[in-house]
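Observations on the three-dimensional arrangement
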Amino acid sequence: MCKNLLSEVQYEVTVPTVADRVAQMVVKQVIEPSLEPIFLADSYAYRPLKSALDAVGVTRERCWKYDWVVEFDIKGLFDNIDHELLLRAVRKHVTCKWALLYIERWLTAPMMQEDGVLMERSRGTPQGGVVSPILSNAFLHYAFDLWMTRTYPDLPWCRYADDGLVHCRNEQEATAFVAALQVRLAECHMELHPTKTKIVYCKDEKRKGTYPNVKFDFLGYGFRPRLVKSSRNAKLFCGFNPAVSVPALKAMRATIRELDIRRQTQLSLVDIAQRLNPLLRGWIEYYGRYAPSALRPLLRYVNLTLVAWAMRKFKRFVDRKVRASQFLQKLARDHSDLFIHWRLGMTGVFI
């Protein structure tokens, strides 16, 4: 049955068809039991029982222990993976001949460009392909993960697809590591992203040095010096900690803005809640894990959007922002179950 399904797959396409996606899912299910056990604990992307939040959590703890961190990004990973090296890695662990056959066909299928011309490929994984994440993990398992444990066994690292972090004890060690990583990736026909790779000093209350880079973003979280409250004596001190990043906040505000709620006066507040709550729930669950108070600007933006909607919806609130704000504040107290952030006591302000 699987082979019959796979025989219907098309190859000369830029984006996988429905048949492609189903077939790739079949292949993924076949090869995953062979590949998943070989992956190392600090590889977090696209793996069962691992998440981006796990990677954020372990990074948080390591930044407290190590003064320096190398933030690196592999330039164009999915577009530049060398087919020969990838297939060598996959064949080392996968023995199913028909699965290997179709992986090779997907990899080498000509890519249709915007002008309609087909271009032969010798590198890159299927664009938007279901099987691409596990193939990229197999490639990087040998290109980076095993190399890291063999060459730098005493330096903790964490990788999520093409984004990674390596913790170092001093600046000289971090600088030397970046040079070595550039050489290693070149051997695997890859390169570091020139602007997304940097050396960061994890500055906190005890680390007094002055350096140009004291912050980095990883998986939607911004790591930087922050005032935090001690769990022992409730005193404030400067720690190096994660919270929702500025780009993530901007992206969430943009998502809300695109819903154009302010102009949806035909909707009721219940209708708006049904549209917003799934988004808010996901954001709060993810970005609220560490420093949930950093979400306040977003929740304030949501509330101000509701105020703008009320001023358009009800004539009595036209040009009366204060009255509209007071109306929604009372509603948040009396019907806190309406919006997920109200329900969690993250009401925020309305003006």
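Below is a short write-up of the structure. (Residues numbered from 1 in each chain as written. Predicted model: local features only at pLDDT ≥ 70, side-chain atom pairs only at ≥ 80, totals over all residues. Heavy atoms only, no water.)

1. Section: the pairing of strand 9 (residues 236-244)
This is how it is decided: A pair of strands is labelled paired if DSSP reports no fewer than 2 bridges between them. Secondary structure elements are defined from DSSP: runs of H or I of at least 4 residues count as helices, runs of E of at least 2 residues count as strands, and each element is numbered from the N terminus.
As defined by bridge partners, strand 8 (residues 221-229) adjoins strand 9 across nine bridges and the pair is classed as antiparallel. Looking at the pairing, R226 lines up with G239 of strand 9. Where strand 8 folds back on strand 9, the antiparallel hairpin that results is connected by six residues, among which A234 adopts a positive phi of roughly 65 degrees.

2. Here we look at a positive patch on the surface
Where we set the bar: Here, patches come from residues exposed beyond 30% relative accessible area and free of salt bridges, joined within 9 Å for like charges and within 5 Å for nonpolar side chains (Val, Leu, Ile, Met, Phe, Trp, Tyr). Accessibility throughout is a Shrake-Rupley quantity obtained with a 1.4 Å probe, and a residue counts as covered only by protein chains that appear here. We define a salt bridge as a contact between a side-chain nitrogen of Lys or Arg and a carboxyl oxygen of Asp or Glu at a distance within 4 Å. Charge counting treats Lys and Arg as positive and Asp and Glu as negative, with His and both chain ends excluded. Every charge is mapped to an atom, namely NZ of Lys, CZ of Arg, CG of Asp or CD of Glu. For the exposure calls, accessible area comes from a 1.4 Å probe over protein chains only, and a residue counts as buried if that area is under 20% of its type's maximum, exposed if over 50%, partly exposed in between.
A grouping of R257, R262, R300, R312 and K321 is seen on the molecular surface, where their side chains present a positively charged patch. Within the element layout of this structure, R312 appears in helix 11 (residues 296-313). What makes R312 partly exposed here is its relative accessible area of 48%.

3. Overview of the environment of K92
Looking at the element boundaries, K92 is found in the loop between helix 5 (83-91) and helix 6 (97-108). On the basis of relative accessible area, K92 is assigned to the exposed category, the value being 59%. Distance in space between the C-alpha atoms of K92 and A254 is 45 Å, their sequence separation being 162 residues.

4. Focus: the environment of E84
Secondary-structure assignment places E84 in helix 5. For the pair E84 and A310, spaced 226 residues apart in sequence, the C-alpha separation works out to 60 Å.

5. Observations regarding the packing of aromatic side chains
Let me state the cut-off plainly: A pair of aromatic rings is counted whenever rings of Phe, Tyr or Trp (Trp by its six-membered ring) have centres within 6.5 Å, and the orientation is called stacked for planes under 30 degrees apart, edge-to-face for over 60 and tilted otherwise. Consider the ring centre and the ring normal. A charge sits over the ring if Lys NZ or Arg CZ is within 6 Å of that centre and within 35 degrees of that normal.
Counted according to the given criterion, the structure contains 22 aromatic pairs. Relative to W147, the ring of F144 has its centre 6.3 Å away and its plane inclined at 45 degrees; by these criteria the two rings are tilted. Separated by three residues within a single helix, F144 and W147 lie in helix 7 (residues 132-151), roughly one turn from each other. Pair check on accessibility: F144 and W147 agree, each one buried. Ring plane angle 70 degrees and centroid distance 6.2 Å describe the contact between F314 and F327, whose orientation is recorded as edge-to-face. A residue pair is termed long-range when its members are at least 10 positions apart, and F314 in the loop between helix 11 and helix 12 (321-334) and F327 in helix 12 qualify at 13 residues. Through pairs of rings, three or more aromatic residues link up here, namely F72, F144, W147, Y152, W157 and F177. Directly above the aromatic system of Y102 lies the positively charged group of R105, at a separation of 5.1 Å from the ring centroid. The ring centre of F314 lies 5.1 Å from the NZ or CZ of R316, which sits over that ring.

6. Describing unusual backbone geometry
For Y46, which is not a glycine, the phi torsion comes out positive at approximately 55 degrees. By secondary structure assignment, the location of Y46 is in the loop between helix 2 (18-35) and helix 3 (52-65). If you check the backbone angles, D260 has positive phi at about 55 degrees while not being a glycine. By secondary structure assignment, the location of D260 is in the loop between helix 9 (246-258) and helix 10 (269-287).

7. With respect to the packing of helix 7 against helix 8 (residues 171-187)
Applied cut-off: Interaxial angle, 0 to 180 degrees, is taken between N-to-C directions of lines fitted to C-alpha atoms, where a helix line uses only the stretch in contact. Here the angle decides the label: under 35 degrees means roughly parallel, over 145 means roughly antiparallel, 65 to 115 means roughly perpendicular, and every other value means oblique. Definitions for this section: a left-handed crossing has its near helix turned counterclockwise from the far helix by less than a right angle. A right-handed crossing has that turn clockwise. Two residues qualify as a contact provided that any one of their heavy atoms is within 4.5 Å of a heavy atom in the partner residue. Note on residue classes: Ala, Val, Leu, Ile, Met, Phe, Trp, Tyr, Cys and Pro are nonpolar, Asp, Glu, Lys and Arg are charged, and everything else, Gly too, is polar.
Relative orientation of the contacting elements helix 7 and helix 8 amounts to 140 degrees, with a least axis distance of 11 Å. With respect to each other, helix 7 and helix 8 are oriented oblique. Taken as a pair, helix 7 and helix 8 cross one another with a handedness that is right-handed. Seen from helix 7, the contacting residues are Y142, A143, F144, W147 and M148; seen from helix 8, they are F177, A180, L181 and R184. Looking at side-chain class alone, the contact of helix 7 with helix 8 contains eight nonpolar, no polar and one charged residues.

8. Overview of the packing of helix 10 against helix 11
A pair of packed helices can be characterised by two numbers: the angle between their axes and the separation between those axes. At a minimum axis distance of 13 Å, the contact between helix 10 and helix 11 shows a crossing angle of 170 degrees. By the criterion of interaxial angle, the relationship of helix 10 to helix 11 is roughly antiparallel. Contact with helix 10, carried on its side by L269, I272, L276, L280 and W283, involves L298, V302, L306 and W309 of helix 11 and no other residues of that element. Of the residues in the contact of helix 10 with helix 11, the class split is nine nonpolar, no polar and no charged.

9. Regarding the pattern of salt bridges
Applying the stated criterion across every chain, the model contains 13 salt bridges. With a shortest N-O distance of 2.7 Å, E36 and R47 are connected by a salt bridge. Of the two residues, E36 sits in the loop between helix 2 and helix 3 while R47 sits in the loop between helix 2 and helix 3, which places them 11 residues apart along the sequence. R47 carries the same exposure label as E36, and that label is buried. Notably, a salt bridge pairs E173 with R169, separated by 2.5 Å at the nearest N-O pair. One network of salt bridges, with partners in common, ties together D67, D204 and R207.

10. A look at the pairing of strand 8
With three bridges connecting them, strand 7 (residues 216-218) and strand 8 associate as antiparallel partners. If you follow D217 over to strand 8, its bridge partner there is G222. Counting the residues between successive antiparallel strands, the hairpin from strand 7 to strand 8 contains two residues, one of them, L219, with a positive phi of roughly 55 degrees.

11. Details of the state of the cysteines
To keep it simple, the criterion reads: Disulfide: a pair of cysteine sulfur atoms within 2.5 Å of each other.
Counted by the stated rule, this structure contains zero disulfides. Of the cysteine sulfurs around C168, a residue in no disulfide, the closest is that of C202, at 9.7 Å. Lacking any disulfide linkage, C188 is separated from the closest cysteine sulfur, that of C168, by 19 Å.

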